[in-house]
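# Structural overview
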Amino acid sequence: MTAFSVRLTGTKYGCGGGGCGACTVMISTYEPTSKKIRHYSANACLLPICSLYGAAVTTVEGVGSTKTRIHPVQERLAKCHGSQCGFCSPGMVMSIYTLLRNNPEPTSEQMIAALAGKYCHFLICRCVLKPFSSGTLCLCVCALYKGVGLSKVYSGQISTRLFSTDEFQPLDPTQELIFPPELMRMAENQPKRTLVFCGERMTWISPVSLDELLDLKAAHPKAPLVVGNTSVGPEMKFRGVFHPIVIAPARILDLNVVTHMDDGLTLGAACSLSLVKDILTNAISEFPEEKTKVFCAVLQQLRTLGGEQIRNVSLGGNIISRKSTSDLNPVLAASNCVLNLASKGRKRQIPLSDIFADGVGNNTITSEEILVSVHIPHSRKGEYVSAFRQAPRRENALPITNAGMRVLFEDGTDIIKDLSIFYGGAISTTICAKQTCWTLIGRHWNEQMLDEACRLLLQEIALPGSASGEKVDYKKTLIVSFFYRFFLEVLQSLKKMDPCHYPGVPMEYRSVLQDFQTKMPQSIQIYQANPSQSPQDPVGRPIMHQSGIMHATGEAVYVDDLPSVDGELFLAVVTSSRAHAKIVSIDTSEALQGPGVFDIITAHDVPATNEFYYSDDPEIIFARNKVICVGQIVCAVVADSDVHAKQAAAKVKIEYEVLEPVILTIEEAIKHNSFFEPKRKLEQGNVDQAFETVDNIIEGEIHIGGQEHFYMETQSVLAVPKGEDKEMDVYVSTQHPAIIQEMVAASLGVPANRIMCHVKRVGGAFGGKLLKTGLLASVAAVAANKTSRAVRLILSRGDDMLITGGRHPFIGKYKVGFMNDGRIRAVDTKYYINAGCTPDESILVAEVSLLKMDNAYKIPNLRCWACACKTNLPSNAAFRGFGFPQSALVTETWITGVADKTGLSPEKIREINMYKENAQTHFKQKLDPQNLIRCWNECMEKSAYYSRKTAVIEFNKQNYWKKKGIAIVPMKFPFGLGTRYLSQAAALVHIYTDGSVLLTHGGIEMGQGIHTKMIQVASRELNIPMSRIHFCETSTRTVPNACASVGSAGTDVNGMAVKDACQTLLKRLQPIINKNPKGTWNDWIKEAFEQSVSLSATGYFRGYDENMDWEKGEGQPFTYFLYGAACSEVEINCLTGDHKNLRTDIVMDIGCSINPAVDIGQIEGAFVQGIGLYTMEELKYSPEGVLCTRGPDQYKIPAVCDIPEQFSVSLLSSSQNPYAIYASKGIGEAGLFLGCSVFFALRDAVTSVRNERGLKNTFSLNSPLTAEQIRASCADDFTEMVIGIGERCLSVFG
Ligand SMILES: Cc1cc2nc3c(=O)[nH]c(=O)nc-3n(C[C@H](O)[C@H](O)[C@H](O)COP(=O)(O)OP(=O)(O)OC[C@H]3O[C@@H](n4cnc5c(N)ncnc54)[C@H](O)[C@@H]3O)c2cc1C
Ligand code: FES
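Residues numbered from 1 in each chain as written. Chains lettered and ligands numbered in written order. Predicted model: local features only at pLDDT ≥ 70, side-chain atom pairs only at ≥ 80, totals over all residues. Heavy atoms only, no water.

### Points about the packing of aromatic side chains
Applying the stated criterion across every chain yields a total of 27 aromatic pairs. Taken together, a centroid distance of 5.6 Å and an interplanar angle of 85 degrees make the contact between Phe 409 and Trp 445 edge-to-face. Here the residue Phe 409 occupies a position in strand β15 (residues 401-409), and Trp 445 occupies one in the loop between α16 (434-440) and α17 (447-460), the gap between them amounting to 36 residues. A network of ring pairs unites the aromatic residues Tyr 384, Phe 409, Trp 445, Phe 483, Phe 486 and Phe 487 as a single cluster. The cationic tip of Lys 830 hangs over the ring face of Trp 865; the distance from NZ or CZ to the ring centre is 5.3 Å. Directly above the ring of Phe 1240 sits Arg 910, whose terminal nitrogen or CZ lies 5.4 Å from the centroid. (Phe/Tyr/Trp six-rings, centres within 6.5 Å; stacked < 30°, edge-to-face > 60°. Helix = DSSP H or I, 4+ residues; strand = E, 2+ residues; numbered from the N terminus. Lys NZ or Arg CZ within 6 Å of the ring centre and 35° of its normal.)

### Side note on helix α32 (residues 945-958)
Residues three or four positions apart in an α-helix share a direction because the helix packs 3.6 residues into each turn. When the terminal C-alpha atoms of α32 are compared, their 20 Å separation across 14 residues agrees well with the 20 Å that a helix rising 1.5 Å per residue should span. Looking at α32, one finds that the buried residues are Tyr 945, Arg 948, Val 952, Phe 955 and Asn 956. Summarising the axial view, the buried residues of α32 lie within an arc of 95 degrees, below the 170-degree limit, and thus occupy one face. Away from its buried face, by an angle of more than 90 degrees, α32 presents the exposed residues Thr 950 and Lys 957. Of the surrounding elements, those touching the buried residues of α32 are α30 (906-913), α31 (930-942), β38 (962-975), β46 (1120-1133), β47 (1139-1149) and α37 (1236-1252). (Expected span 1.5 Å × (residues − 1). Buried < 20%, exposed > 50% of the residue type's maximum accessible area, 1.4 Å probe, protein only. Arc of directions from axis to C-beta. Contact = heavy atoms within 4.5 Å.)

### Looking at helix α3 (residues 89-102)
Here α3 contains 14 residues, and its C-alpha end-to-end distance of 20 Å stays within 8% of the 20 Å for a straight helix at 1.5 Å per residue. Of all 14 residues making up α3, 12 are buried, and the element is well covered by its neighbours. Where α3 is concerned, the buried positions are Ser 89, Pro 90, Gly 91, Met 92, Val 93, Met 94, Ser 95, Ile 96, Tyr 97, Thr 98, Leu 99 and Leu 100.

### Section: the UniProt feature "binding site: Mo-molybdopterin" (unreviewed entry) in the chain
Per the UniProt record, the feature "binding site: Mo-molybdopterin" (unreviewed entry) sits at Gln 735, Phe 766, Arg 880 and Gly 1047. What stands out for the annotated residues spanning 313 residues is how close their C-alpha atoms remain, the widest pair being 12.4 Å apart. Here Gln 735 shows up in the loop between β30 (728-732) and α25 (737-748). A residue is classified by how much of its surface remains accessible, and Gln 735, at 2% relative accessible area, is buried. Beyond its immediate chain neighbours, meaning those up to four positions away, Gln 735 contacts Ala 765, Phe 766, Gly 767, Gly 768, Lys 769, Leu 770, Ile 1004, Met 1006, Ala 1044, Ser 1045 and Val 1046. (UniProt positions renumbered as here; feature names shortened; annotations may be inferred.)

### What about the site of ligand 1?
Contacts to ligand 1 come from 32 residues, most closely from Val 227, Gly 228, Thr 230, Ser 314 and Asp 327. In this structure, Asp 327 approaches ligand 1 through a main-chain N or O atom, which is 2.7 Å from an oxygen atom. Measuring from an oxygen atom of ligand 1, one finds a side-chain N or O atom of Arg 389 at 3.2 Å. In terms of residue count, helix α13 (residues 315-320) provides more of the shell around ligand 1 than any other element does, 3 residues in total. Classifying every residue of the shell around ligand 1 gives 15 nonpolar, 14 polar and 3 charged. (Near = heavy atom within 4 Å. Polar contact = N/O pair within 3.5 Å; in protein donor to acceptor, adjacent residues only side chain to side chain. Nonpolar A, V, L, I, M, F, W, Y, C, P; charged D, E, K, R; others polar.)

### Overview of the side chain of Thr 804
Mapping Thr 804 onto the fold places it in helix α27 (residues 797-804). On the basis of relative accessible area, Thr 804 is assigned to the buried category, the value being 2%. A polar atom in the side chain of Thr 804 sits 2.6 Å from the backbone oxygen of Asp 800. If near-sequence neighbours (up to four positions away) are discounted, Thr 804 is found in contact with Tyr 711, Gln 715, Lys 772, Leu 776, Leu 795 and Ser 875.

### Focus on empty space enclosed by the protein
Taken as a whole and assessed by the stated rule, the structure comprises 10 cavities of 30 Å³ or more. Empty space within the largest cavity amounts to approximately 240 Å³. Around the largest cavity sit 18 residues that line it, and Ile 620, Gln 632, Lys 772, Leu 775 and Ile 803 are the ones nearest its centre. Taken together, the elements giving at least two residues each to the lining of the largest cavity come down to β23 (619-620), α26 (771-787) and α27. Top contributing element to the lining of the largest cavity by residue count: α26, with 4 residues. A per-class count over the lining of the largest cavity returns 11 nonpolar, 5 polar and 2 charged. (1 Å grid on protein atoms, 1.4 Å probe; cavity = no way out; pocket = protein on both sides within 12 Å on 5 of 7 lines; lining within 4 Å. Points joined across faces, edges and corners; volume = space filled by probe spheres on them.)

### Comments concerning the sheet that holds strand β28 (residues 696-704)
Strand order in this open sheet of 5 strands is β27-β35-β34-β33-β28, and the pairing throughout is mixed. Edge positions in the sheet fall to β27 (675-684) and β28, since each has one partner strand and no second. In this sheet, adjacent strand axes meet at a mean angle of 10 degrees when their direction is disregarded. Examined bridge by bridge, strand β33 (residues 810-818) and strand β34 (residues 824-836) share 9 bridges and lie antiparallel to one another. Across the sheet, Lys 815 pairs through a bridge with Asp 828, a residue of β34. Packing against the sheet, helix α28 (residues 842-851) makes contact with β27, β33, β34 and β35 (861-870), and its axis sits at approximately 15 degrees to β27. Relative to the sheet, helix α29 (residues 884-902) contacts β28, β33 and β34, its axis offset from that of β33 by approximately 40 degrees. (Pairing = 2+ DSSP bridges. Axes fitted to C-alpha atoms, helices over the stretch in contact; angles between N-to-C directions.)

### A few points about the pattern of salt bridges
Within the structure shown, the criterion is met by 59 salt bridges. Across the salt bridge formed by Arg 485 and Glu 489, the nearest N and O atoms sit 3.0 Å from each other. Of this pair, Arg 485 and Glu 489 both sit in helix α18 (residues 472-497), 4 residues apart, which is roughly one turn of the helix. The exposure class assigned to Arg 485 is buried, which follows from its relative accessible area of 8%. (Salt bridge = Lys/Arg side-chain N within 4 Å of Asp/Glu carboxyl O.)

### Some thoughts on the UniProt feature "binding site: substrate" (unreviewed entry) in the chain
UniProt records the feature "binding site: substrate" (unreviewed entry) at Phe 882, using the numbering of this structure. Secondary-structure assignment places Phe 882 in the loop between β35 and α29. Every residue in contact with Phe 882, bar those within four places of it in the chain, is listed here: Arg 807, Glu 841, Leu 844, Val 845, Val 848, Ser 849 and Glu 1229.

### Thoughts on the environment of Leu 478
Position of Leu 478 among the secondary structure elements: in helix α18. Distance in space between the C-alpha atoms of Leu 478 and Gly 1002 is 53 Å, their sequence separation being 524 residues. What Leu 478 contacts, discounting residues up to four positions off in sequence, is Gln 390, Ile 400, Thr 401, Leu 1135 and Thr 1136.

### A look at the nonpolar core
In this structure, Tyr 423, Trp 445, Phe 483, Ile 824, Trp 894 and Trp 961 are the most contacted members of the largest nonpolar core, which totals 208 residues. It is α18 that provides the largest number of residues to this core, a total of 14 residues. Core analysis: the second largest hydrophobic core is formed by 45 residues, Leu 571, Val 744, Ala 784 and Ile 1004 among them. (Core = buried A, V, L, I, M, F, W, Y, C linked by side-chain atoms within 4.5 Å.)

### Some points on the sheet that holds strand β1 (residues 24-31)
On the basis of which strands lie adjacent, the open sheet formed by 3 strands has the order β2-β1-β3 and antiparallel pairing. In this open sheet, the two edge strands, each paired with only one partner strand, are β2 (36-43) and β3 (56-58). Between one strand axis and the next, the sheet turns by 25 degrees as a mean value, whatever way the strands run. As paired strands, β1 and β3 are joined by 3 bridges and run antiparallel to one another. Across the sheet, the residue bridging to Met 26 is Thr 58, located in β3.

### What to know about the packing of α17 against α18
At a minimum axis distance of 10 Å, the contact between α17 and α18 shows a crossing angle of 155 degrees. The angle between α17 and α18 falls in the class roughly antiparallel. The interaxial crossing formed by α17 with α18 has right-handed handedness. Residue-level inspection shows Glu 447, Met 449, Leu 450, Ala 453, Cys 454, Leu 457 and Leu 458 of α17 in contact with α18, the latter providing Lys 476, Ile 479, Val 480, Phe 483, Tyr 484 and Phe 487. Residue composition of the contact of α17 with α18, grouped by class: 11 nonpolar, no polar and 2 charged. (Parallel < 35°, antiparallel > 145°, perpendicular 65-115°, else oblique. Left-handed = near helix turned anticlockwise from the far one by under 90°.)

Written out as structure tokens, the structure is:
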């Protein structure tokens, strides 16, 4: 569906593959026989428009708008501070709205399920989940429907209220769109007839009877049957599969049957997975437990399969597409489910297990056959069925491995009569452990059987070691671990059946029988209110994001929402498929013949600069003679539509000659001595001498993976030539309009004054929209210049991830000398960062990693080095935290290493070595750590650290396969950009004669609420309500040479400039005000105009006096320090490596917050992004340097299930900051590092496992600490068996 063409731009395009939920819409259908209307959520990016005949589609625009009336869901999302960049807000609204249309009083489980299909959230834009995560929105929504009130907690000056429910409007039922009566009449009166839609290349046929379908299938055996299109769609979009004919069977009655039979349930193949879920849930409550074992196992998988939108697609599609990642096939096959198949003149039934009999998912089903329905049998007496899955993320993620298992015992015994085991995810199809099952028939369900079963399974399920050896050992471990879990479950069930004969599972092993459940997170936010403040003054108050309502209604405009310009062309880039190669030839002939193709743009079309030298090595627009990474832009196609441009881009043929060496990793760069210069070093004290005098020395290293920015709005540019004087308007999603202007002007060879850059808002950036955006904007501008037409470039998610790089992968090597009492005396560290193929800001990142590496610790003798490795990966870039999240993780790693060695706790080592009094950093900058200590102590207290640690130890004693871990980590986050000119800022304020104020400044709104805060500043300074002040856009036309919005500095520096401009204006107005003190604002403005007083002023801030001398290793690169501490508690499942974030308490010193709602949102969002960095986000490259993780399917960022169940953020009270506006502190980045408290809590849990098992005390963990790594670190008989050293018999109970 293309909302763009009908100017309904609220529905966003985040990934195109059903993975992010930004495009969620509500589909409503009417069933004339039951007279019921069904509403369900769907991903518009995959939903074929032809499938919507007779259906009503509601987009966010239909829910509510500022032009009519906003809907309570939209209002609550905005007012509960549920949006940051706002790009995913419409998708959020649609998910919740659809849920409420179906369930006016949803349970929290339903809430969680509805949100599981949303990516951004992240909160993502790492942000928006807050109101959901905190439960507040849910509570508000429930309050709306149930009349429940929200608690408001005030305690003195400390406030936990971020919004007022009194403002919420009640639901007006007349506001809900009704199902269109004409569609109802159509469904009732018009007999169903075959529908045929013919497109440019494809024909869509939707028959109404089974016979007709079978005829069609006989005539077009290769045509797929499309229901949800979630399997066929991605193949067509991303893998170039083409189907000229598509058959849509969803309207055929036989494929929608639900029949209860004596021996089970028969479900039509077109039934949605959600419907199956409901039917099974009902059946479980109706039938005796004995009969519902299969139903329970299938339901278990359905709970976490995809998100709600994915569960609204078909059962048949999941089964027949036979993906190895199907969560249903293993359990359905193991449970003896039967497929009812039909083809022209033939009907037959086959057990689903037959399809997988030969282990390759063969073609037992012919291409003329269709699946009519699936029979799911009742379980029998003595039969037990279970299903398991482990995925990179607990919800909405395809499984790494899953399983379905069933055992039937001889009557009244534990002798195996029948056994069935199927695995998914392990190889290219669902696979049956046939031999193992046959061998075990007749055995007792005991330890010997378990031992033999595991060995047989590992022999039978041979996993091919893929090129990168990917997860093979982990998958094998899961194969046996799942069986062990099944063994325990059955053992416990046997006990239930006959407690005298079967002892069941000992208490300490039972907790592993429970999977982690996602609960609606509970959160609390605490900040300091100022009761004596004037009620008109908005500074310090939790003001809603200026665009909050527009985000929630979908009215907020992003680059791709801009209406098309007359004659506009679309651009698609052609990128290198080689990591290091000479370009031998580029053949564009076939591409140029493509429909709608206008031109192809190469380096030869760049009028002036194609290579930008910000350091010794260039940043390149188009590769000219050689390519230096996969994903480098070689040329670009411009065409009359996005589709035509992409089709033609795929036809450009580039011939390469591979060059040596191809360097991908840090290790390879070190081997080839491939670095960007300069290398940096800092040193204090006498390190070598100190190593001579210490009691102990540890050495080690940690590898930290990169991170994808995953901003929700991909890189977007619209370049519009103005037709005269070489002027060009560039609408661009960037954090740095001035650099875009500079690069575009340089590439076109025109003065900067001809290029106007406009930024209304950015749908997330996190550091990824700086230089890279400049190159992309130049691509679009060169194309616009050559064609004299407007050119739109919107990167697809896959291209964005491939081309733009992300956070630098990092290796930290350390040597640490310390005394037995825990005092660290000497540290020598080396950091290597993988910069990729061009420098970008890598040297700066390396420098910052050194400057911030001490984190919260005073180390008397310290030496640290940093090198930026030049490799053939896409160039890495700035990313929230800028080197600190990596170098401080290395620091915290050696801190825990010292704890391991001394036998003291990590928190003791942290306390012993923490800055305690006025001190100097390792580059001789002074700091006062008072607030660091306060944050630490408050966090200790608020988290009840010691009592919870005792409880964790107790839990771990009582549970063998589940362990908890807890960790508390302090943080010092220096604020500053290193030099004065980078923090200068300007503002421009106009007052119009009606008294309204137009404010602009150089900062970019990318979700961090900067415009809201600037309006708060102007409101205080001018002493007028915020409603009188408007912010329109950031533009190089109004504020020239603005610095980038980076380094948490936007509010600090632009706030000063806004204040300056407002004070200038107020100074001019003062005589008029003094003359008429009782007058109104409008009176004064009118008078000022009549007296010819200028009502427009610029404001300026020169920047902070910061400097750093790298030769001497000394300086004042920072202006002030933020402090914080976080305590996190987790629980791990030692059998699978899965974990759950139980609780996090954060205390953060951010001075006097200008807007606590915005700032707390930043802390929470950054923290969750940190959880992603340290525990789950994994970038994978092929040995040839191709990024494999190019979308939400393969790259997992945190979702609702990853938010700590209890999440509390407190802002440190009574903290002042003399250096920044209104004593605030810049907070955008700092919270991210605190995500490592989860990393160390996981480490604590793993340590507990290893201690219990007598494994060696010191071990190293890398980041991200994924389930795979956790499982491997919790070594046991199963992991030993997998790596072939487990000769002894399995000991069932440890
Ligand atoms: C983002 C995302 C997340 C996902 N997560 C999961 C997950 O966690 N676990 C999981 O198991 N799956 C997951 N899936 C896969 C999803 O469940 C399947 O794609 C879906 O069930 C297929 O149903 P559909 O109606 O969309 O099939 P379609 O794409 O419409 O069709 C799929 C195939 O089935 C065939 N087919 C469909 N119906 C019939 C029929 N009646 N007779 C014969 N052939 C038929 C078609 O010819 C076609 O080849 C995910 C998919 C996406 C996009
Ligand atoms: S754009 Fe449709 S799910 Fe991401």
